[in-house]
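# Architecture at a glance
Spelled out, the chains give:
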Amino acid sequence: MRFVGSRGRAALIGTGAVLVALIATAFAVGGGSETESAGAARSTAAGVLVEPHPSPERLSELHAGAAALVHPALHEGFGLTALEAMVLGTPVIAAPSPGIAEVCGDAARYADPRDPAALAGALSAVAGSETLRRDLSERGRRRAALFSWQSAAREHAKAYSLA
């Protein structure tokens, strides 16, 4: 079983032995200093592979084979990474930041990334239950269907007209 992680990789790696015991591989994807930190940790965190800038096709492959997207970022502007995962039917485990909570609603499993036991518990729950993964996947697809570029453009135009 594997998970795909995004921002907040240090929290993902910080789950330590519990994470490694649960999954064969964790992929940390994306760019920036957090990926570099995760890359530095890769030699000490068994089972963590870093792919700093995967192609869209490779990212789809990672999502297709993942038990969940793990997004333990404490700060998130919108939650596009989680939305992409939900569109693909990948369950989401995330920090309950306002941006993620707004996008994911009840379609994600939330855990405080500052608490390794809580994050490990969420990973364990999702990894250990096909029913939970299926439920999160279905809720995620339904939630993702509420978002579109057309509705975003409409809402932005509406907001600008009020300014």
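Residues numbered from 1 in each chain as written. Predicted model: local features only at pLDDT ≥ 70, side-chain atom pairs only at ≥ 80, totals over all residues. Heavy atoms only, no water.

## Details of the overall build of the protein
Along its length, the protein carries 9 helices and 6 strands. Sorting the 163 residues of the protein into buried and exposed places 43% on the buried side. Taken as a whole, the protein presents about 8300 Å² of accessible surface, with 58% of it coming from carbon and sulfur. (Helix = DSSP H or I, 4+ residues; strand = E, 2+ residues; numbered from the N terminus. Buried < 20%, exposed > 50% of the residue type's maximum accessible area, 1.4 Å probe, protein only. Areas by Shrake-Rupley, 256 points an atom, 1.4 Å probe, with all protein chains shown as cover.)

## Observations concerning helix α5 (residues 80-87)
The α-helix winds at 3.6 residues per turn, so residues separated by three or four positions along the chain end up facing the same way. Within α5 the residues assigned to the buried category are Ala82, Leu83, Ala85 and Met86. Along the axis of α5, the buried residues cluster in a sector spanning 160°; they form a single face. Residues of α5 that are buried in the fold lie against α4 (56-64), β4 (68-71), β5 (92-94), α6 (98-104) and α8 (130-144). Of the residues one or two after α5, glycine 89 is the one with positive phi, at around 85°. (Arc of directions from axis to C-beta. Contact = heavy atoms within 4.5 Å.)

## Notes on the pattern of salt bridges
With the rule as written, the count across this model stands at 5 salt bridges. Here arginine 58 makes a salt bridge to glutamate 61, at a shortest N to O gap of 3.2 Å. One end of the pair is arginine 58 and the other is glutamate 61, both in helix α4 and 3 residues apart, which spans about a single turn. The exposure class of glutamate 61 is partly exposed, given its relative accessible area of 45%. Look at the salt bridges and you will find they share partners, linking Glu130, Arg133 and Arg134 into a network. (Salt bridge = Lys/Arg side-chain N within 4 Å of Asp/Glu carboxyl O.)

## Overview of the nonpolar core
A general feature of soluble globular proteins is that nonpolar side chains tend to end up buried together. One finds Leu69, Ala82, Leu83, Met86, Val92, Ile100 and Cys104 to be the most contacted residues of the largest nonpolar core, which totals 13 residues. Those elements that place two or more of their residues in this core are α5, β5 and α6. If you tally residues by element for this core, the top one is α5, at 4 residues. (Core = buried A, V, L, I, M, F, W, Y, C linked by side-chain atoms within 4.5 Å.)

## Points about the side chain of arginine 133
Looking at the element boundaries, arginine 133 is found in helix α8. By relative accessible area, which is 14% here, arginine 133 ends up buried. There is a polar contact of 2.8 Å between the side chain of arginine 133 and the backbone oxygen of alanine 127. (Polar contact = N/O pair within 3.5 Å; in protein donor to acceptor, adjacent residues only side chain to side chain.)

## Side note on the layout of surface pockets
In this approach, a probe sized like a water molecule rolls over the atoms, and the result shows the empty space that is left. Looking at the largest pocket, its volume works out to about 240 Å³. Taken together, Phe78, Leu80, Leu83, Phe147, Ser148, Trp149, Ala152, Glu155 and His156 form the lining of the largest pocket. When contributions to the lining of the largest pocket are tallied by element, the ones reaching two or more residues are α5 and α9 (149-162). The leading source of residues in the lining of the largest pocket is α9, at 4 residues. The class makeup of the residues in the lining of the largest pocket is 6 nonpolar, 2 polar and 1 charged. (1 Å grid on protein atoms, 1.4 Å probe; cavity = no way out; pocket = protein on both sides within 12 Å on 5 of 7 lines; lining within 4 Å. Points joined across faces, edges and corners; volume = space filled by probe spheres on them. Nonpolar A, V, L, I, M, F, W, Y, C, P; charged D, E, K, R; others polar.)

## Focus: the packing of helix α7 (residues 116-127) against α8
At a minimum axis separation of 6 Å, α7 and α8 run at an interaxial angle of 95°. The angle between α7 and α8 falls in the class roughly perpendicular. Contacts between α7 and α8 pair Ala125, Val126 and Ala127 from the former with Leu132, Arg133 and Leu136 from the latter. Of the residues assigned to the contact of α7 with α8, the class counts are 5 nonpolar, no polar and 1 charged. (Axes fitted to C-alpha atoms, helices over the stretch in contact; angles between N-to-C directions. Parallel < 35°, antiparallel > 145°, perpendicular 65-115°, else oblique.)

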